[in-house]
Amino acid sequence: MKVLPFKIPKPENNAIVFQEDIEIYFYDKLHQHEEIQITLILEGKGTLIVGDSINYYDKGDILVIGSNIPHVFKSDSDEISKSHMQSLFFSNTSFGVDFFYLEELQELKPFFKRAKHGFKITSSKNLISNLFSELKKATKFKLFTSLLEIIRVSSSANYKSLSSFIYEKKYSEIEGKRMQAVFDYTMQNFQKDISLNTIASVAAMTKNAFCKYFKKRTNKTYFNFLTELRIEHACKLLIENKDISISEIAYNSGFNNISNFNRRFKEIKKVSPSKFKKEN
């Protein structure tokens, strides 16, 4: 299977695809597809990279990933239970080029604006989850009306953007494999020291070429990306492990210096690690 682009398998003439994934791990290859994706996480948790940003997903999350946004779900390796998600796939031209521009559907515009960078829905989750629960045995007409209702609810719900920058051009297959290798190596080794020489060799590039390549496609340096991944991991540990000291969390997240950890944490999260722990 090609890493990029990725085609959603669908029967001919189907404008909407409902897909259920029940696996030990979700599809963990960096990929992009033309279809907009709305996903409900029923079981499992892990790291989600969307565009330029690192996020964590958990049971109950509802995620929207826009057309052709590179993304990867990386299930936590220590998860015992299976990963289970349900997803809807459709494009903004699935029902005709002008369908979503109809005057009657103008209240859906916020959904498509937010989808350009991907977003996580943070309110009205029970309502959307209930709509998803009816999809597995739904007729094509019910699938259509349910999708419109999910988009309508999502348009007015509270949300959190999943990325801040999206590389405008579609990735080629070679680029996809290169970025996949970089993300894979980083997610598996972020708790260790990673040198520029090492990560450039993973990408099969010189150091200077890799720095320019990564910055152009993510709008940030590789080491900023690495630091953000480490801080997101620390946030997860601060929330899930109340008895572990902050210094131990810093070490387990790839920081060898507690003062550097505190400084970078505050730069990114705008609060200190101890305050973050209390608030969460």
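Under the definition given, this model contains 24 aromatic pairs. Geometrically, the ring pair formed by phenylalanine 90 and phenylalanine 100 is tilted, given 6.2 Å between the ring centres and 55 degrees between the ring planes. Note that phenylalanine 90 is positioned in strand β7 (residues 83–90) and phenylalanine 100 in the loop between β7 and α1 (109–115), a separation of 10 residues in sequence. An aromatic cluster is defined as three or more aromatic residues linked by ring pairs; in this entry it consists of Phe90, Phe95, Phe99, Phe100, Phe111, Phe112, Phe119, Phe144 and Tyr159.

This part covers the pairing of strand β4 (residues 53–57). In terms of burial, β4 is a largely internal element, 5 of the 5 residues being buried. What you see with β4 is no split at all: Ser53, Asn55 and Tyr57 on one side and Ile54 and Tyr56 on the other are buried throughout. Looking at chain direction, strand β3 (residues 46–50) and β4 are connected through 5 bridges and run antiparallel. What sits directly across from isoleucine 49, in β4, is isoleucine 54. The hairpin turn running from β3 into β4, its antiparallel successor, is 2 residues long, and glycine 51 in that turn takes a positive phi close to 60 degrees.

The next point concerns the side chain of serine 53. Within the element layout of this structure, serine 53 appears in strand β4. Within the structure, the side chain of serine 53 is placed 2.9 Å from the side chain of aspartate 52, a separation counted as a polar contact. When sequence neighbours within four positions are dropped, the list of residues in contact with serine 53 reads Leu48, Leu162, Ser163 and Ser164.

Before going further, it helps to spend a moment on helix α2 (residues 125–133). What α2 keeps buried is the set Ile128, Leu131 and Phe132. Buried residues of α2, viewed axially, fall in a sector of 100 degrees; they line one side. Counted as exposed and oriented over 90 degrees from the buried face of α2: Asn126 and Ser133. Buried residues belonging to α2 abut β1 (17–23), β2 (36–43), β5 (62–65), β7, β8 (119–121) and α3 (140–156).

Before going further, it helps to spend a moment on the side chain of serine 154. Inspection of the secondary structure assignment puts serine 154 in helix α3. At a separation of 2.6 Å, a polar atom in the side chain of serine 154 contacts the main-chain carbonyl oxygen of isoleucine 150. Serine 154 has contacts with Phe111, Arg114, Phe119, Ile121 and Ile128, leaving out every residue within four places of it along the chain.

Geometry of a packed helix pair, given as the angle between the helix axes and the separation of the axes. Put simply, α2 and α3 touch, their axes get as near as 10 Å, and they point 170 degrees apart. Put simply, α2 runs roughly antiparallel to α3. Between α2, through Leu127, Ile128, Leu131 and Phe132, and α3, the contact on the second element is made entirely by Glu149, Ile150, Val153 and Ser154. Here the contact of α2 with α3 is built from residues that sort into 6 nonpolar, 1 polar and 1 charged.

To continue, consider the sheet that holds strand β6 (residues 71–75). Spatially, 3 strands are ordered β4-β3-β6 in an open sheet, and the strand pairing comes out antiparallel. A single partner strand is all that each edge strand has here, and the edge strands are β4 and β6. When strand polarity is set aside, the average angle formed by the axes of neighbouring strands in this sheet is 20 degrees. Sheet analysis places β3 next to β6, joined by 5 bridges and oriented antiparallel. By the bridge assignment for β6, threonine 47 is matched with lysine 74. Contacts from helix α4 (residues 173–189) reach β3 and β6, with the element oriented near 30 degrees to β6. Of the strands in this sheet, β3 and β4 touch helix α7 (residues 222–240), which is tilted by about 20 degrees from β4.

Here we take up the confidence of the model for the chain. In this model, the chain carries a mean pLDDT of 90, and residues with pLDDT of at least 70 account for 94%. For the chain, the element scoring lowest by mean pLDDT is β6, at 89; β5 scores highest, at 98.

Of all hydrophobic cores here, the largest spans 28 residues; its most connected members are Ile38, Leu88, Phe90, Phe100, Phe111 and Ile151. When contributions to this core are tallied by element, the ones reaching two or more residues are β2, β5, β7, α1, β8, α2 and α3. Ranked by the residues each element gives to this core, the list is headed by α3, at 6 residues. Not counting residues up to four positions away in its chain, the partners in contact with phenylalanine 111 are Ile36, Ile38, Val64, Phe90, Phe119, Ile151, Ser154 and Ser155. One finds Leu30, Ile49, Phe183 and Tyr213 within the second-largest nonpolar core, a separate group that totals 22 residues.

Definitions and cut-offs
Residues numbered from 1 in each chain as written. Predicted model: local features only at pLDDT ≥ 70, side-chain atom pairs only at ≥ 80, totals over all residues. Heavy atoms only, no water. Phe/Tyr/Trp six-rings, centres within 6.5 Å; stacked < 30°, edge-to-face > 60°. Helix = DSSP H or I, 4+ residues; strand = E, 2+ residues; numbered from the N terminus. Buried < 20%, exposed > 50% of the residue type's maximum accessible area, 1.4 Å probe, protein only. Pairing = 2+ DSSP bridges. Polar contact = N/O pair within 3.5 Å; in protein donor to acceptor, adjacent residues only side chain to side chain. Contact = heavy atoms within 4.5 Å. Arc of directions from axis to C-beta. Axes fitted to C-alpha atoms, helices over the stretch in contact; angles between N-to-C directions. Parallel < 35°, antiparallel > 145°, perpendicular 65-115°, else oblique. Nonpolar A, V, L, I, M, F, W, Y, C, P; charged D, E, K, R; others polar. pLDDT = per-residue confidence, 0-100. Core = buried A, V, L, I, M, F, W, Y, C linked by side-chain atoms within 4.5 Å.

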